[in-house]
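Letter by letter, the chains look like this.
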Amino acid sequence: MPATTDDYVVGLLYPQSGPAGLFGPSCLTSARLAVDDVNARGGILGRQVRIEAIDASVAAPGAADSVAGLVASDRIQAVVGWHRSDVRRAVAQRLDRRVPYVYTALYEGGEHTDGLWLTGETPPQQVLPALRWMRDELALRRWFIVGSEYVWPRRTAEACRAYARRLDLEICGEAYRPVGTEQYDDVLTRIEASGATGVIQLQLGQDAVHFNRQFAAAGLPTGVVRFSPLMDESMLLASGPDATANLFAASGFFGSLVTDAAMDFGSRYFGAFGPGACPPSAMGESCMEGLLLLESLVNGAGSSVVEDLLSCAHPTRYDGPRGSLALRSAHAEQPVYLAAAAGCDFDVITTLPRG
C-alpha cells in the first residue's frame with residue numbers, strides 16, 4: 001500500500017543482499033508485524049505508520065547517502081534497522097539529529113550520539129558472562145578469535161582481550177578476513193596449531209556459515225568449541241546440522257526461548273505470515289523492537305523532533321518479544337541468554353548474569 005502525506009514513514013535500514021542478506025527476510029517480516037501492532041494502537045502521533053525499505057548491504061557511504069536523501073525530501077520521518085556498525089556510524093553522522101534513529105543490532109558498545117537509540121546487546125552483556133560461564137562449566141581457557149574485517153569484530157576483539165586478562169584466559173591467536181570471505185583453510189590450520197580449545201566467532205552472516213561448514217569438514221568440532229554473539233537460526237540452517245556441533249551463542253532472543261513474550265511473538269508471527277515464513281530470528285525480532293521503541297519515544301514525548309525526545313522527562317519503556325524493557329543512557333536494558341546449537345535450532349541453557 002503506498003504511503004500518503006498523512007503517514008508516518010519509517011526508513012527500515014536492513015541488509016537485502018550480501019553476507020548479511022540472509023537476515024533480511026526476517027527483518028522485513030518482523031517489522032511488518034510491528035507496524036500492524038503500532039497502527040492498531042493508533043499509530044505514531046495519530047498517523048498510520050508505513051515502512052520505506054532501505055538497503056544496508058551497500059558500502060557505508062552509499063547507505064548514508066540513501067538515508068540522507070530520503071530525509072532531505074521528507075519521505076521518511078525516522079530511521080530504524082539492523083545493519084553493520086560502519087553503516088551506523090556513517091548514517092548517524094549524516095543525520096545529525098534531523099530525525100530519530102533507532103539502531104537494533106548487537107554492537108561493540110560505546111555509542112553516545114544524540115538522537116540515536118540502541119536496543120542491541122554489547123560485549124559486557126554477551127561476551128564477558130559467556131566466557132566466564134564456559135570457563136567455569138566447560139573448563140575452556142584457550143581461545144582463538146576469528147572475525148570479519150570491520151568495526152564490530154575488531155572492537156569486540158579488544159574487549160575479548162581485556163576479558164581474557166580479567167578471567168585468566170588466553171587468546172592464542174586472531175585472524176580477520178574481509179567481509180564476503182568464503183575460504184578459511186589457512187585460518188583452520190592456525191587454529192589447530194594454536195592449541196586453542198575454543199573459537200570466538202565474530203563473523204557476519206554468510207561468512208560464519210562458510211566457516212562453520214569448513215570447520216566441520218576439518219574435523220575440529222570433536223575437540224574445539226565455538227562461541228558467537230552473532231549466530232541465529234538462519235545461520236544454523238545455512239550451515240547445516242552436521243556443522244553446528246559444540247556451537248554456542250549468546251543473544252537477547254532465540255526463536256526457541258520459552259517466555260510468555262517470546263512464545264506470544266512466535267504464535268502471532270506464524271499466525272500472520274504462515275508456517276512457511278522465514279524463522280523469526282534475533283535480527284528480525286530486533287527490527288520489531290526498534291519500531292516499538294520508536295513508538296514509545298515519539299508518542300511519549302508527543303513529538304518526533306529529536307531535541308524534544310532528548311529533553312523529554314517521560315521514562316521510556318516498551319513491551320516486545322523480549323518482555324518489558326527500559327532504556328538507560330539510550331541503551332535498552334535486557335536479559336541475555338546462552339544457548340547451544342541443536343542441529344538447526346538452539347537449546348537455551350541459561351540466562352547470563354550481567355557482566
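Residues numbered from 1 in each chain as written. Predicted model: local features only at pLDDT ≥ 70, side-chain atom pairs only at ≥ 80, totals over all residues. Heavy atoms only, no water.

*Asks:* Any details on the overall build of the chain? Residues and values, ideally.
*Replies:* Secondary structure assignment for the chain yields eleven helices and 15 strands. For the chain, whose C-alpha radius of gyration is 20 Å, the value lies close to the compact-globule estimate of 20 Å for 355 residues. In terms of overall dimensions, the chain has a C-alpha envelope of 60 × 40 × 35 Å along the principal axes. Looking at the chain as a whole, 58% of its 355 residues qualify as buried. If you take every contact in the chain between residues at least 6 apart in sequence, the share linking residues at least 24 apart comes to 70%. Carbon and sulfur atoms make up 50% of the accessible area of the chain, which totals about 13600 Å². (Helix = DSSP H or I, 4+ residues; strand = E, 2+ residues; numbered from the N terminus. Rg over C-alpha atoms; globule rule 2.2 N^0.38 Å. Buried < 20%, exposed > 50% of the residue type's maximum accessible area, 1.4 Å probe, protein only. Contact = heavy atoms within 4.5 Å. Areas by Shrake-Rupley, 256 points an atom, 1.4 Å probe, with all protein chains shown as cover.)

*Asks:* Give a description of helix α3 (residues 85–95) that names residues and reports values.
*Replies:* When α3 is considered as a whole, its buried residues turn out to be Ser85, Val87, Arg88, Ala90, Val91, Ala92 and Leu95. Next to the buried residues of α3 lie β1 (8–14), α2 (60–72), β3 (78–81), β4 (101–103), β5 (116–118) and α5 (151–167). One or two positions beyond α3, positive phi appears at Asp96, with a value near 50 degrees.

*Asks:* I'd love a proper account of unusual backbone geometry, names of residues and values included.
*Replies:* What is expected of a backbone is that most residues other than glycine have negative phi and most peptide bonds are trans. In this structure, Leu45 is a non-glycine residue whose phi angle is positive, near 55 degrees. Considering the arrangement of structural elements, one finds Leu45 in the loop between α1 (24–40) and β2 (49–55). Given a relative accessible area of 34%, Leu45 falls into the partly exposed group. Unusually for a residue other than glycine, Ala330 sits at a positive phi of about 70 degrees. Position of Ala330 relative to the elements: it lies in the loop between β12 (323–328) and β13 (331–333).

*Asks:* Describe the sheet that holds strand β9 (residues 225–228), with residues and values.
*Replies:* The strand order across the open sheet built from seven strands is β7-β6-β8-β9-β10-β14-β15, with neighbouring strands paired in mixed fashion. The open sheet is flanked by β7 (170–177) and β15 (345–352), the only strands paired with a single partner. Neighbouring strand axes in the sheet, compared pairwise and without regard to direction, differ in orientation by 25 degrees on average. Lying on the sheet, helix α7 (residues 206–217) is in contact with β6 (142–148), β8 (198–202), β9 and β10 (247–251); it crosses β8 at an angle near 155 degrees. (Pairing = 2+ DSSP bridges. Axes fitted to C-alpha atoms, helices over the stretch in contact; angles between N-to-C directions.)

*Asks:* So, the pairing of β8: which residues are in play, and what are the values?
*Replies:* Counting buried positions over the five residues of β8 gives five, a clear majority of the element. Because side chains alternate across β8, one face comprises the buried residues Gly198, Ile200 and Leu202, and the other comprises Val199 and Gln201, equally buried. In the sheet, β6 pairs with β8 via five bridges, with the strands oriented parallel. Within β8, the residue paired with Ile145 across the bridge is Ile200.

*Asks:* A description of the nonpolar core should follow, citing residues and the corresponding values.
*Replies:* By size, the foremost hydrophobic cluster in this structure holds 109 residues, and its most contacted members are Trp82, Phe227, Leu230 and Leu294. When residues in this core are grouped by element, the largest group, ten residues, is from helix α10 (residues 282–301). Discounting residues that sit within four places of it in the chain, Leu230 has contacts with Phe23, Trp82, Leu106, Tyr150, Trp152, Gln203, Leu204, Met235 and Met283. (Core = buried A, V, L, I, M, F, W, Y, C linked by side-chain atoms within 4.5 Å.)

*Asks:* Tell me about the pattern of salt bridges, and please be specific about residues and values.
*Replies:* Counted by the stated rule, this structure contains 20 salt bridges. As a salt-bridge pair, Glu170 and Arg142 come within 2.6 Å of each other at their nearest N and O atoms. Of this pair, Glu170 sits in strand β7 while Arg142 sits in strand β6, and the two are 28 residues apart along the sequence. (Salt bridge = Lys/Arg side-chain N within 4 Å of Asp/Glu carboxyl O.)

*Asks:* How would you explain helix α9 (residues 260–273) if you had to name every residue and give the values?
*Replies:* Between its first and last C-alpha atoms α9 spans 20 Å; for 14 residues at 1.5 Å apiece the expected length is 20 Å, and the two agree. Tucked into the core, α9 has its buried residues touching α1 and α10. One or two positions beyond α9, positive phi appears at Gly274, with a value near 90 degrees. (Expected span 1.5 Å × (residues − 1).)

*Asks:* I'd like a description of the state of the cysteines, backed by residues and values.
*Replies:* Enumeration according to the criterion identifies zero disulfides in this entry. We note that Cys344 lacks a disulfide partner, and the nearest cysteine sulfur, in Cys278, lies 15 Å from it. (Disulfide = S-S within 2.5 Å.)

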